[in-house]
Amino acid sequence: MKRFFAQAYLWLLLAILYAPILIIAIFSFTEAKVLGNWTGFSTKLYTSLFTGGVHHSLLSAIENTLIIAIVAAAISTVLGSIAAIGIHNLRGHKRIVMNTLNNIPMLNPDIITGISLFLLFVSVGITQGFATVILAHVIFCTPYVVLCVLPRLQQMNSDIYEAALDLGATPMQAIYKVLIPEIKPGMISGFILAFTLSIDDFAVTIFTIGTGGLETLSTYIYADARKGGLTPELRPLSTIIFVTVLVLLITINVRSQRANKKKKALGK
Amino acid sequence: MRFFMRRQNWSLPYFIFMLIFVVLPLVLIFIYAFQDADGNFTFDNFSKFISSPEAANTFVYSIGVAIITTVVCILLGYPAAYILSNKELCRSKVMVVLFILPMWINILVRTLATVALFDFMRLPLGEGALIFGMVYNFLPFMIYPIYNTMQKMDHSYIDAAQDLGANPINVFTKVVLPLSMPGVMSGIMMVFMPTISTFAIAELLTMNNIKLFGTTIQENINNGMWNYGAALSLIMLVIIFASELFSDGEEERASNEGGII
C-alpha cells in the first residue's frame, strides 16, 4: 500500500514535469502557426526545419551552437586535464588556492560571469563575437573538467608513472602511455559535461556574443520569443533535442549498470 | 624545459588563465560599481539603487519569488528524493533518470514549454505561471542533491533507531532529516541562486508584466549603464555570498560528489 502511494506520487510529479514537453511534442506534428490549434497530422514542420529556406537563420544558429560547444569542450578538456595533473601534485596552501579558484566560476551565477566578462572585453576593447563566446564557455566549463579528472588521478597508483620512468621511458612516453590512459574516462566525462553545459548556456552567451549578428540556439529562441510569435519549427526542434537527450541518458545509465554488474561478477 | 617536467607546475597556465578571466573580471565589477561614467570614484550608483523605488522593489520581489520557489521545491522534492532513494519504494533506476533528465534541456526551451502549457489550458500568464515555471525549471536541482545524500546514508542508523524503540516519526525527525540536511542545503543553493539571478524567463512567463532583479541588471547593461549595472551585480553577489556562508560549506561537500554521467 505504502509502495502504491509512493509510486503514485512519483508518477504524478513526472506527469506535471513532462506535460509541457509533451504538448510541444504533440503539436510538432501539426502545421498550425499558433500552438494549441490542431489542423490535422503533418510532418511538414520537421521537413521545413531541415530544408532551411525561410528558416535559414535557425539552421545557422544550430550550427553555431554545435561548433561553439565542440571547440569550447575540446579546449576545456585539454586545459582542465593539464590543470588537474598540476593540482594533483600540489601540496598545502597552493593546492587550497587552486581549489578555491576552481570553485569560483561554479558558484558564480551565470549572469555575474556574463557581466564580469562583458566588462573585461569592453574595457580591453576586444570586439565580441565567435572568439569571445568560445573563450567565455571555456572559462565556465573548465572547472567541471578539472573536477572530473581529479578523482581519476587520486585513484591512480602514482608508482606506475615512476616505474615507467625507472624502466627507461622518457617523461613524454610515460605521460602518453601511462598517465593519459589512466585519466581518459575522466577526460571523456569532462568533455561530455562541458559540451552539454555549453549547448545549454544562455546567460553567459548573451553578454559575450556582441552585436555582430552572431546567433546561437539560445539567443535565437530568446529573440524569437521577444518578438511574440514563436517560429513553429522550434516545436520539432525541441522534440528532437528532448528525444536525443532521453535516449542518450538512458543508454549511458543502462550501460553503466551493466558494467557494474560485470565488475561484480568478475570480482567474485 | 625542466621547469615543465615538474608536474606540479602544470597548474601554472590554469592559474594565470583563472587570474585573468575569473578574478580580474570580478574585480572589474567592483571597480565599475564605485565609478561614475567618467571614471571618478562615487557612491552614487548605490544611493540611486536605494532611492529608486523600482529597482529596490524588484529586488525585494525577486527575493520573495526565490524564497517561495525554494520552499515549494523542498516540499515537492524532498518526498520524491526520499522515495527514489528508498529501495523498497522504488526499484527502478530509470525513474531517477526521468527526474534528472529535464536538467539537460535548454532552460529557454523548458520555459517556452511552460508558456505553451498555460496557453493550451487557457490559463492566464502571470504570477502563477511565474512560480510554476520557476518550480518546473529548478525542481530537478532540488531532487538530485537530496537523492544523492540519502542514497549514501548509512541505513544501519535507521535500523538502530528502530531497534532502540523510536517510532517512525522520531526516526524521521531525529535520524533521516538531520542526515539528509547537507543535500537539502545544497538543493536550496541550487534553486535559490538561479531563481534570483535568472533573467528572460520571468518576462516570457508573465508576458513582460513582472520583472525580476536579473532582468533589471541585464537591461541596465544593455542600455549602456555599465556602472549602475555593475553596482546591482555587486549587490547580487553580496546576497549570494551571504547565502553561501549560511549554507556553511555543506553544499560544496555534496556538490563535489555530484555529476551523473
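So, a few notes on the structure that sits alongside this text. (Residues numbered from 1 in each chain as written. Chains lettered and ligands numbered in written order. Predicted model: local features only at pLDDT ≥ 70, side-chain atom pairs only at ≥ 80, totals over all residues. Heavy atoms only, no water.)

### Here's the deal with the overall build of chain B
How we decide: Segments assigned H or I by DSSP are reported as helices when at least four residues long, segments assigned E as strands when at least two residues long, and all are numbered from the N terminus. Only protein chains enter the calculation, and the probe is 1.4 Å; a residue is then buried if its accessible area is under 20% of its type maximum, exposed if over 50%, and partly exposed in between. We call two residues in contact when some of their heavy atoms are within 4.5 Å. Here, Shrake-Rupley sampling with a 1.4 Å probe gives the accessible areas, and only protein chains in the shown set may cover a residue. Neither His nor the chain ends contribute to the count of charged residues, in which Lys and Arg are positive and Asp and Glu negative. Charge placement uses NZ in Lys and CZ in Arg. For Asp and Glu, CG and CD serve respectively.
Of the regular secondary structure elements, chain B holds 13 helices and zero strands. C-alpha atoms of chain B, sized along the principal axes, occupy 70 × 70 × 30 Å. The buried share among the 261 residues of chain B stands at 55%. Look at the contacts in chain B between residues 6 or more apart in sequence, and 71% of them connect residues 24 or more apart. With an accessible surface of roughly 12200 Å², chain B has 66% of that area assigned to carbon and sulfur atoms. Distance from the positive charge centre (13 side chains) to the negative charge centre (18 side chains) of chain B: 12 Å.

### Observations concerning the overall build of chain A
For chain A, the count of helices and strands is eleven helices and zero strands. The order of helices and strands in chain A, counted from the N terminus, is α-α-α-α-α-α-α-α-α-α-α. Looking at chain A residue by residue over its 268 residues, the buried ones come to 49%. A fraction of 69% describes how many contacts in chain A between residues 6 or more apart in sequence connect residues 24 or more apart. Accessible surface computed for chain A: about 13400 Å², of which carbon and sulfur atoms make up 67%. Each charge sign in chain A was given a centre, from 20 positive and 12 negative side chains, and these centres are 12 Å apart.

### Notes on the interface of chain A and chain B
As a reminder of what qualifies: Once two parts are joined, some of their accessible surface, as seen by a 1.4 Å probe, is lost; buried area is that loss totalled over both. For salt bridges, the criterion is a side-chain nitrogen of Lys or Arg within 4 Å of an Asp or Glu carboxyl oxygen. N or O atoms within 3.5 Å of each other form a polar contact, as long as, within protein, one can give a hydrogen and the other can take it, and as long as residues adjacent in sequence are counted only when both atoms are side-chain atoms. Any residue that is not Ala, Val, Leu, Ile, Met, Phe, Trp, Tyr, Cys, Pro, Asp, Glu, Lys or Arg is counted as polar, Gly included; the first ten are nonpolar and the last four charged.
Contacts between chain A and chain B engage 84 residues on the former and 74 residues on the latter. Of the roughly 7700 Å² buried between chain A and chain B, counting both surfaces, carbon and sulfur atoms make up 79%. Between chain A and chain B we count zero salt bridges in total. Taken together, the links from chain A to chain B amount to four residue pairs in polar contact (both at pLDDT 80 or more). A total of 17 residues in the side of chain A that touches chain B trace back to one element, the largest contributor, which is helix 1 (residues 2-26) of chain A. Here the side of chain A that touches chain B is built from residues that sort into 62 nonpolar, 16 polar and six charged.

### Quick notes on the side chain of A:Ser238
Tracing the chain through its elements places A:Ser238 in helix 11 (residues 234-267). Sequence-distant contacts of A:Ser238, that is, excluding residues within four places in its chain, are made with A:Ile24 and B:Val109.

### Re the packing of helix 1 of chain A against helix 7 (residues 127-152) of chain B
Under the convention used in this document: Axis definition: a line fit to C-alpha positions, over the contact stretch in the case of helices; interaxial angles, taken between N-to-C directions, run 0 to 180 degrees. Each angle is binned into one of four classes, with values under 35 degrees roughly parallel, values over 145 roughly antiparallel, values of 65 to 115 roughly perpendicular, and all other values oblique.
The N-to-C vectors of helix 1 of chain A and helix 7 of chain B enclose an angle of 105°; their axes lie 11 Å apart at closest approach. Our classification of the angle between helix 1 of chain A and helix 7 of chain B gives roughly perpendicular. When helix 1 of chain A is examined against helix 7 of chain B, the residues A:Leu13, A:Ile16, A:Leu17, A:Pro20 and A:Ile21 are found in contact with a partner set consisting of B:Phe132, B:Tyr136 and B:Leu139. In the contact of helix 1 of chain A with helix 7 of chain B, the residues fall into eight nonpolar, no polar and no charged.

### Side note on the environment of B:Gln35
All names here are of chain B. By the secondary structure assignment, Gln35 is in the loop between helix 2 (12-33) and helix 3 (44-51). In this structure the C-alpha to C-alpha distance between Gln35 and Leu125, which are 90 residues apart in sequence, comes to 39 Å. Ignoring any residue separated from it by four or fewer positions in sequence, one finds Gln35 in contact with Asn40, Thr42, Asn45 and Asn227.

### Considerations on unusual backbone geometry
One can expect most non-glycine residues to show negative phi and most peptide bonds to be in trans. Residues and elements named next belong to chain B. In the Ramachandran plot, Arg122 falls in the positive-phi region, its phi being about 60° despite a non-glycine side chain. By the element assignment, Arg122 lies in the loop between helix 6 (107-120) and helix 7. For Ala200, which is not glycine, the phi torsion reads 75° and is therefore positive. Here Ala200 shows up in the loop between helix 9 (168-197) and helix 10 (201-206). The exposure class of Ala200 is buried, given its relative accessible area of 0%.

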